[in-house]
Amino acid sequence: MSQSAASTSHNNELVNRFINIRSESLNIIASLSAEDCQLQAMADASPIKWHLAHTTWFFETFLLSVYDEQYGVFNPHFKMLFNSYYNGIGEQFKRANRASLSRPTLEEVIAYRAYVDKHVTELLNTSLDDYIKNIIELGLNHEQQHQELMLMDIKYNFSVNPLYPKYLTESQHQTDIQDNVKAIEFIEFDQAIINIGTNAEAEFAYDNEQPKHQVLIHPFSFANRLVTNGEYLEFINECGYNTADYWLSDGWANIQANHLTKPLYWQCINEQWYEFTHYGLQPLNLDAPICHVNYFEASAYAHFAKARLPTEFEWEYAAQNSEVYKKVDDYLMPAQAKGEANIEQLNDACWQWTNSAYLPYPGFKPIEGVAGEYNGKFMNNQMVLRGGCVLTPKKHLRQTYRNFYYPHQAWMCSGIRLAKDIQ
């Protein structure tokens, strides 16, 4: 194949990926009304309409406005309205007030997406330099992150409605209920000096996953599966939320201030436990993994279980020789462990809290330019989660991925993996 033909083939592949990933965002809203897409039930969440516009703004701002001399912006006001946090770009509309933006309408936002998509595909059919291709890759991964955020926000926005509306119907998938999950087993790992992170030579990775570097790991053991709803219910029944000894000081203050007595989406109705899901209110599956717990809850449960949370380096060490899960369906509830692998549920159920603060790796360098604000500016007061979850898009999973949230947050699909020291 000639160099020109190889370049054309790569461009065609990039165009197809661009179209497919952008289309998936619209697939997510297929069952939603314009009113649904306007909801913002808390400041951490965003209206679905805003997600659709912001991911489009990304390509317009970082690609078309910079590299396409013929491009005319769709609406100059969108530069401020749909800027999330890029101070180098300019002013941003206040995040907590995004639901007040009844205009532009959902129809206009979809037209904005079509306009930008047309110009991006035209650009991708020309000769591209590596920097432009890198921006496209970042933009596509950014879109996939927001697809997960959209599903997170839909669930939260619907959860505050006492009618418990369904995003999807249960008939779209039959829940695979197995026999009772077996007791947790702890897999031992020897002391080692290992490579952590990636240099992103073969595949895309965010700057916060780089560079690859060595870490000393002390002997530890790692739970072969995630903590279940039933196990977490034992914690509740044993007065876990009323026992200060289990909690970090900030965690205890948090649950006292917010009157927390259970995970985010649990409801106890007539002495029966239910969980709010994308499929409405469902009886709690005791064998499924606990999800939507914050870092403080995960840490408290680990203390209750006479264990601890793994560090992110222990997590990556345990995962290095395990297969990255590839989603086979679009069901949006984490399935229970099946007992088919040495270590299960690394990527396919819930993100897993680690005991590691979100900090730069040695030698970390943010992306050049304004896009460098993407990750580095958030490296304080947050904790790392590893793995992936049922909401994470296909082909957006890798063992070096570093997710991060504040310790009090729980609306993402976050679960608990236990670890222990080996003396």
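Residues numbered from 1 in each chain as written. Predicted model: local features only at pLDDT ≥ 70, side-chain atom pairs only at ≥ 80, totals over all residues. Heavy atoms only, no water.

Q: Please clarify how the overall build of the protein should be interpreted in this entry.
A: Counting its regular elements, the protein contains 9 helices and 12 strands. For the protein, whose C-alpha radius of gyration is 22 Å, the value lies close to the compact-globule estimate of 22 Å for 423 residues. Expressed as lengths along the three principal axes of its C-alpha atoms, the size of the protein is roughly 65 × 50 × 40 Å. The burial tally for the protein puts 53% of its 423 residues in the buried class. Sequence separation of at least 24 residues holds for 80% of the intrachain contacts in the protein that already meet a minimum separation of 6. Total accessible area computed for the protein in this model is approximately 19800 Å², and 49% of it derives from carbon and sulfur atoms. Here the protein contributes 31 positively and 50 negatively charged side chains, and the mean placements of these two sets differ by 2 Å. (Helix = DSSP H or I, 4+ residues; strand = E, 2+ residues; numbered from the N terminus. Rg over C-alpha atoms; globule rule 2.2 N^0.38 Å. Buried < 20%, exposed > 50% of the residue type's maximum accessible area, 1.4 Å probe, protein only. Contact = heavy atoms within 4.5 Å. Areas by Shrake-Rupley, 256 points an atom, 1.4 Å probe, with all protein chains shown as cover. Lys, Arg positive; Asp, Glu negative; His and termini not counted. Charge placed at Lys NZ, Arg CZ, Asp CG, Glu CD.)

Q: Looking at this model, I keep getting lost on the side chain of Q409. Mind explaining?
A: Considering the arrangement of structural elements, one finds Q409 in the loop between β10 (403–405) and β11 (414–415). Within polar-contact distance, the side chain of Q409 engages the side chain of D44 at 3.2 Å. What Q409 contacts, discounting residues up to four positions off in sequence, is D44, V293, N294 and W353. (Polar contact = N/O pair within 3.5 Å; in protein donor to acceptor, adjacent residues only side chain to side chain.)

Q: Where do I start with the packing of helix α6 (residues 229–237) against helix α8 (residues 295–304) in this structure?
A: When two helices pack together, their arrangement is given by the angle between their axes and by how far apart the axes lie. Two elements in contact, α6 and α8, have axes separated by 11 Å at closest approach and are oriented at 80°. The pairing of α6 with α8 is recorded here as roughly perpendicular in orientation. For the pair α6 and α8, the contacting residues are E231, Y232, E234 and F235 in the first and E297, A300, Y301 and F304 in the second. Counted by class, the contact of α6 with α8 contains 5 nonpolar, no polar and 3 charged residues. (Axes fitted to C-alpha atoms, helices over the stretch in contact; angles between N-to-C directions. Parallel < 35°, antiparallel > 145°, perpendicular 65-115°, else oblique. Nonpolar A, V, L, I, M, F, W, Y, C, P; charged D, E, K, R; others polar.)

Q: Teacher, can you tell me more about the packing of aromatic side chains here?
A: Under the criterion given, the structure shown has 45 aromatic pairs. Ring geometry for F58 against F59: centres 6.1 Å apart, planes inclined by 80°, an arrangement best described as edge-to-face. Both residues of the pair, F58 and F59, belong to the buried class. Their ring planes at 65° and their centres at 5.3 Å tell us that F235 and F304 sit as a pair that is edge-to-face. (Phe/Tyr/Trp six-rings, centres within 6.5 Å; stacked < 30°, edge-to-face > 60°.)

Q: Help me out: how do you make sense of unusual backbone geometry in this one?
A: Among all residues save glycine, negative phi is the norm, and among peptide bonds the norm is trans. For the peptide bond that leads from R103 to P104, omega is 5°, which places it in the cis range. Here P104 lies in the loop between α3 (78–81) and α4 (106–124). With an omega of -5°, the peptide bond between Q210 and P211 qualifies as cis. Here P211 is to be found in the loop between β2 (192–196) and β3 (213–217). If you check the backbone angles, Y164 has positive phi at about 50° while not being a glycine. Looking at where Y164 falls in the secondary structure, it is placed in the loop between α5 (130–159) and β1 (186–189).

Q: What is the right way to look at the pattern of salt bridges in this model?
A: A side chain with one charge may pair with a side chain of the opposite charge, provided their charged atoms come close. One pass over the structure, following the stated rule, counts 13 salt bridges. Across the salt bridge formed by R22 and E143, the nearest N and O atoms sit 2.8 Å from each other. Of this pair, R22 sits in helix α1 (residues 3–28) while E143 sits in helix α5, and the two are 121 residues apart along the sequence. For the residue pair R22 and E143, the accessibility class agrees, reading buried in each case. Between R398 and E209 there is a salt bridge, and its shortest N-O distance comes to 2.8 Å. (Salt bridge = Lys/Arg side-chain N within 4 Å of Asp/Glu carboxyl O.)

Q: Please clarify how the side chain of E209 should be interpreted in this entry.
A: Note that E209 resides in the loop between β2 and β3. With near-sequence residues (within four places) excluded, E209 lies in contact with G197, T198, Y361, R398, T400, Y401 and R402.

Q: What exactly am I supposed to notice about helix α2 (residues 48–67) here?
A: Each α-helix turn comprises 3.6 residues. Residues three or four places apart therefore point the same way. A rise of 1.5 Å per residue sets the reference length of α2, with its 20 residues, at 28 Å; its end C-alpha atoms lie 28 Å apart and thus fit the reference within 8%. By the largest-angle criterion, E60 marks the main kink of α2, which is about 35°. A large share of α2 lies buried, amounting to 17 of its 20 residues. (Expected span 1.5 Å × (residues − 1). Bend = angle between axes of the 7 residues up to and from the residue.)

Q: How do you make sense of the sheet that holds strand β5 (residues 266–269) when you look at a structure like this?
A: Hydrogen bonds between backbone atoms are what pair the strands of a sheet, whose relative direction is either parallel or antiparallel. The 3 strands lie next to each other as β5-β6-β7, forming an open sheet whose pairing is antiparallel. This sheet does not close on itself; its edge strands, each paired only once, are β5 and β7 (280–283). Neighbour to neighbour, the strand axes of the sheet diverge by 35° on average, direction disregarded. Of the strand pairs in this sheet, β5 and strand β6 (residues 272–277) are connected by 4 bridges, and their pairing is antiparallel. (Pairing = 2+ DSSP bridges.)

Q: Teacher, can you tell me more about empty space enclosed by the protein here?
A: Where empty space is left becomes clear once a probe the size of a water molecule has been rolled over the atoms. For the structure on display, the rule yields 2 cavities of 30 Å³ or more. In this structure, the largest cavity encloses a volume near 40 Å³. If you go around the largest cavity, the residues you meet are P47, K49, W50, F82, R98 and L101. Residue composition of the lining of the largest cavity, grouped by class: 4 nonpolar, no polar and 2 charged. (1 Å grid on protein atoms, 1.4 Å probe; cavity = no way out; pocket = protein on both sides within 12 Å on 5 of 7 lines; lining within 4 Å. Points joined across faces, edges and corners; volume = space filled by probe spheres on them.)

Q: Sorry, what's going on with the packing of α2 against α5 here?
A: For the pair α2 and α5, the least separation of the axes is 9 Å and the interaxial angle reads 170°. If you check the angle between α2 and α5, you find them roughly antiparallel. For the contact of α2 with α5, the per-class residue count stands at 17 nonpolar, 6 polar and 2 charged.

Q: Hey, could you run me through the sheet that holds strand β12 (residues 419–421) in this one?
A: Pairing within the open sheet is antiparallel, and its 3 strands lie in the order β1-β4-β12. Edge positions in the open sheet fall to β1 and β12, since each of these has one partner strand only. On average, each strand axis in the sheet is inclined to that of its neighbour by 25°, with strand direction left out of account. Bridge count between strand β4 (residues 220–223) and β12: 3 bridges; the pairing is antiparallel.

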